[in-house]
Amino acid sequence: MIFAVSNVGGLIYHELIEGGMTGQRFNEFIGTVCRLYYPLNACFVIDNAPAHRQAVNLPPPQNFSVRYLPPYSQFLNICENAFALWKGNIKDSLAEVRDQLLREDHQKRMATLGQLAEQGTAVVTLHRMQAAFRGMQAYLPACFVLDDILM
């Protein structure tokens, strides 16, 4: 699952992708989000995952920019909060259908997992992303003066 989240829109776009994230897939995702939200001004704030690092090599469309978080700064990445919420929901849902999944063939199991993944996005609400954004902002003063942040 890949998310685009915002402090003013919550979960604004997501895609369920089978397999690992690649630079090409990530750049296609960025392009889709840009097309959907053009002509708004926006900045993608992303971590340094290998697939994400390649996004800087492509010029973003007009009105969009890309900024990278420093290494080991997940507390500044509100998308990490979104994934934590989503994963918690998925784990709860899987506990309810575990026995059913074990009886299903691969194709049916993948369909069920995809459905649970999509349903799980409902927990990534605007209210929760605004709270994550406020939590992130609490760290900014320490970041600006280069304080060590111990987690």
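Above: the structure in question.
All values derive from a computational prediction rather than experimental measurement. (Residues numbered from 1 in each chain as written. Predicted model: local features only at pLDDT ≥ 70, side-chain atom pairs only at ≥ 80, totals over all residues. Heavy atoms only, no water.)

1. Some words on helix α5 (residues 126-137)
Here comes step 1: The terminal C-alpha atoms of α5 lie 16 Å apart, and with 12 residues this matches the ideal 16 Å at 1.5 Å per residue to within 8%.
Here comes step 2: Structurally, α5 contributes buried residues whose contacts are with β1 (2-6), β2 (10-15), α3 (78-103) and α6 (140-144). (Helix = DSSP H or I, 4+ residues; strand = E, 2+ residues; numbered from the N terminus. Expected span 1.5 Å × (residues − 1). Contact = heavy atoms within 4.5 Å.)

2. Considerations on the packing of aromatic side chains
Here comes step 1: For the structure on display, the rule yields 6 aromatic pairs.
Here comes step 2: Seen in terms of ring centroids, Y13 and F29 are 5.4 Å apart; in terms of plane orientation they differ by 35 degrees. Their pairing is tilted. One end of the pair, Y13, is in strand β2; the other, F29, is in helix α1 (residues 23-37), and 16 residues separate them in sequence.
Here comes step 3: Take F29: its relative accessible area is 2%, and that puts it in the buried class.
Here comes step 4: Geometrically, the ring pair formed by F44 and F64 is stacked, given 5.9 Å between the ring centres and 25 degrees between the ring planes. On the criterion of sequence distance, the pair formed by F44 in strand β3 (residues 42-46) and F64 in strand β4 (residues 64-68) is long-range, its members being 20 residues apart.
Here comes step 5: Relative accessible area serves as the criterion here: at 11%, F44 is assigned to the buried category. (Phe/Tyr/Trp six-rings, centres within 6.5 Å; stacked < 30°, edge-to-face > 60°. Buried < 20%, exposed > 50% of the residue type's maximum accessible area, 1.4 Å probe, protein only.)

3. Describing the layout of surface pockets
Here comes step 1: Here the largest pocket defines a volume of roughly 980 Å³.
Here comes step 2: Per-class residue counts for the lining of the largest pocket are 30 nonpolar, 7 polar and 2 charged.
Here comes step 3: For the second largest pocket, the calculated volume is near 240 Å³.
Here comes step 4: L16, M110, L113, G114 and A117 are, among the 13 residues lining the second largest pocket, the residues nearest its centre.
Here comes step 5: Those elements that provide at least two residues to the lining of the second largest pocket are α3 and α4 (106-120).
Here comes step 6: In terms of residue count, α4 provides more of the lining of the second largest pocket than any other element does, 5 residues in total.
Here comes step 7: Residue composition of the lining of the second largest pocket, by class: 10 nonpolar, 2 polar and 1 charged. (1 Å grid on protein atoms, 1.4 Å probe; cavity = no way out; pocket = protein on both sides within 12 Å on 5 of 7 lines; lining within 4 Å. Points joined across faces, edges and corners; volume = space filled by probe spheres on them. Nonpolar A, V, L, I, M, F, W, Y, C, P; charged D, E, K, R; others polar.)

Note that every value here comes from positions in space, so none of it alone points to a role or purpose.
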